[in-house]
Each structure stands twice: as C-alpha cells, then as structure tokens.
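This is what each chain is made of:
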Amino acid sequence: MKHVLKAAILGLTATGAMADVSVERGEYLVTGPMGCGNCHTPQGADGPIPGAELSGMLVDQNPGFTAIASNITPAGDIADWSDDELAKAIREGIRPDGSVIGPPMPIGLYRHISDDDLGSIVAYLRTVHAVENDPGKSVYNIPLPPAYGPPLTSVSAPAEGETAEWGGYVASISHCFECHSTPVEGVPDLAGHYGQGGLEFAGPWGVSVAPDITAGEDGIGKYSDADLAAMIQHGIRPDGNRMLPPMPYPYLAKMTDQDLSAVILYLRSGPTAPPAEM
Ligand code: HEC
Ligand code: HEC
C-alpha cells in the first residue's frame, strides 16, 4: 500500500533505502515544524480558530500584493486535484491549470522537500477535517516568476539524525530563512543575506522584525542552546519576555528533540546560503 501510494504520487520506481510515506509523518510536518497553519489557518483574537484548521485566510497585504492562503482542506480547490498535482503545487508552486502560486508561500525552500516527506504531506492533507470556507483569491500586482526552478522529478533528504546536515534540511522545509533573511526589493535575499534578519511583519501586534540568526555575536552566538530552545519552541526570550508573531513557535513546539538539536547545530555551523537541492 505504501509503495503504491508513493509510486502513484511521484511516478517513482522504488529504489531501495527510502523511508516510508505515512500520514503520521505528514501530520508531524504540517502541524509541527512546517507550520502550514501559520498561514493557512484563520486567526481570531485568541489565535488560530479551533475547528477551522487549514481553511485559508488573508496573510499579507502590501503594495505588491494581497496574499490569501487557500483553503487546503478537502473542501478546498485541492479536492479536485490528483495526489501528483497536489504534490507539484506544494513543492514547485505550480497548480494543475499551470498557474503559479505566489508569495509568501515559501516555494523556494519547499523545493527541498524529499519525495517521502512530500508524499506524507499529501497523504495527511487528504485526511484533515473538510472545512467549508472561501477565503477569497490573492491579487498580485508584481509579476510572478514562470516557475521557481526547473521541474523536479525526485528529491532526497540527508540521513536523519542529530547532525547539522539534517538540521539544514529541517530548517529548509520549516522555511526559517524565508523570514529571517534580509529583504532586497521586498523579497528575502536567500543568496546574499541568508539569515541576516530585517524583514518586518505588521499585524494586530504592531510591527515585529525577524532578527539576525547567523552564527556570530550579532546573531545567535550570544545564546546558549537552552536559550535557543526556549525561544524557538516556546517564544520566551532569555529575559522572560514573550515573542511576537509570526515567529511560529506554537508549531515549532512540536519539533522532536532530535530535529531541534539538529537545527541548532545547523545554525551554529554558520551557513551563508541554503543547502543545495538534493
Ligand atoms: C508563509 C505563508 C505560507 C505557508 C507557511 C504555507 N503556505 Fe501554502 N499558500 C500561501 C499563500 C499566500 C497561498 C496562495 C498564493 C496565491 O494565491 O498564489 C498558498 C497556496 C497554497 C496551495 C495552493 C492551493 C490552491 O487552491 O490554489 C497549496 C496546495 C498550499 N499552499 C499548501 C501548503 C502546505 C501543504 C503548506 C505547509 C507544508 C503551506 N502551504 C504553507 C501561504 C503559505
Ligand atoms: C513566519 C516567519 C518566521 C519563521 C518561519 C521563523 N521565524 Fe524566527 N522569528 C520571526 C520573528 C518575527 C521573530 C521576532 C519575534 C519578536 O520580535 O518577538 C523571530 C525570532 C526568532 C529568534 C529570536 C532571535 C533573537 O535574537 O531575538 C530565533 C532564535 C528564531 N526566530 C529562530 C527561528 C528558527 C530556527 C526558525 C525555523 C525553525 C524560525 N525562526 C522560523 C519570524 C519567523
């Protein structure tokens, strides 16, 4: 069954040492470190609205665009898409009708999602509660790229473990650097200012600014591993202050100890550009 699912989603021939596609893994990724709900779940005054998970909302309004994250429950447009088509939309940002998904859906980093994790995400999305909600459609005044890169057929992840390399994979699909890289002409500059901070987020909380998370003293060098864990997973600064949205700590709280340690190792390793697509 698992092989059938994987082959159906990705048109792959099984090539040996691949982890399994599973709804559990998909649930972990979607409701945990990948935090899809941070954009796709409608928010009330008290945070995400219970029972409305993943049914879509307005996420960003600026002169360049009004971005509305779609309803990605089985009651949304994706209901009519095949597993293959949904997988391509998530990893490459291209819908079945050929249209391109716009920012801030972090496709540049989602291109790193491994075949197994992609299959797991799709499998999980098919199981979530169908919520009837029409959040409306985005309007982009800026041109969208024709694609976010060449077509992908197969993507692999590094070996899972408490290593900086695995941490680089987890940080990529959790799109930490999509928020934490300095914007150039409004777009986070992953190539030139990876992790250097400065992107501003306006909302009911006022304006928050994503800090520098590079390895040196201007970044996370001044924090212990315990300080970092408390900030990343609980939104609590070393001085006890609570951190502002949209830092997705309610989602990152679900990260396994292994994934958290690996991400911290990766941050401390001083990366200056995203890991290569594998
Ligand atoms: C930073 C915000 C953000 C995050 C995080 C995010 N998305 Fe999105 N997503 C969007 C926006 C905005 C759109 C609509 C873009 C547009 O209108 O072109 C979108 C569109 C989509 C679509 C296209 C749906 C349709 O009907 O056209 C899919 C599928 C999707 N997202 C899945 C996901 C999944 C799965 C995750 C987590 C793994 C995720 N997204 C995380 C913002 C986000
Ligand atoms: C949706 C955008 C977003 C994403 C994704 C995101 N962050 Fe953040 N992060 C923020 C913002 C905004 C702040 C500042 C919050 C505040 O000022 O209270 C922040 C703060 C932090 C801080 C505190 C740094 C300091 O010096 O104050 C750390 C550490 C951090 N993020 C790490 C991460 C890691 C690791 C990930 C990925 C696993 C991540 N962030 C994902 C937006 C984001």
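Residues numbered from 1 in each chain as written. Chains lettered and ligands numbered in written order. Predicted model: local features only at pLDDT ≥ 70, side-chain atom pairs only at ≥ 80, totals over all residues. Heavy atoms only, no water.

> It is not clear to me how the coordination of the iron atom of ligand 1 should be interpreted in this structure. Could you clarify?
In a perfect tetrahedron of four donors around a metal, the angles come out at 109.5 degrees. In a perfect octahedron of six, they are 90 or 180 degrees. Of the protein atoms, only H40 (NE2) and M105 (SD) coordinate the iron atom of ligand 1, at distances of 2.0 to 2.2 Å. Seen from the iron atom of ligand 1, its six donor atoms lie at angles of 88 to 179°, and the figure they make is octahedral. Taken together, the residues H40 in helix α3 (residues 37-40) and M105 in the loop between α4 (83-92) and α5 (107-110) connect sequence positions 65 residues apart. We classify M105 as partly exposed; its relative accessible area is 23%. (Donors = N, O, S within 2.8 Å, 3.2 Å for Na, K, Ca; no water. Tetrahedral: all angles 85-135°; square planar, octahedral: opposite > 155°, others 65-115°. Helix = DSSP H or I, 4+ residues; strand = E, 2+ residues; numbered from the N terminus. Buried < 20%, exposed > 50% of the residue type's maximum accessible area, 1.4 Å probe, protein only.)

> Please explain the coordination of the iron atom of ligand 2 as it appears in this structure.
The protein atoms donating to the iron atom of ligand 2 are H180 (NE2) and M247 (SD), with metal-donor distances spanning 2.1 to 2.2 Å. Coordination geometry of the iron atom of ligand 2: the six donor atoms subtend angles of 88 to 179° at the metal centre, consistent with an arrangement described as octahedral. Of this pair, H180 sits in helix α8 (residues 176-180) while M247 sits in the loop between α9 (225-234) and α10 (249-252), placing them 67 residues apart in sequence.

> Help me out: how do you make sense of the environment of L252 in this one?
With respect to the helices and strands, L252 occurs in helix α10. Placed 91 residues apart in sequence, L252 and G161 show a C-alpha to C-alpha distance of 18 Å. Among residues more than four places away in sequence, those in contact with L252 are P33, I232, Q233 and M247. (Contact = heavy atoms within 4.5 Å.)

> What should I look at first to understand the UniProt feature "domain: Cytochrome c" (unreviewed entry) in the chain in this one?
Taking the UniProt record as the reference, the feature "domain: Cytochrome c" (unreviewed entry) is found at residues 21-129 and 162-271. Structurally, residues 162-271 comprises 37% helix and 11% strand, and the distance from its first C-alpha atom to its last is 17 Å. (UniProt positions renumbered as here; feature names shortened; annotations may be inferred.)

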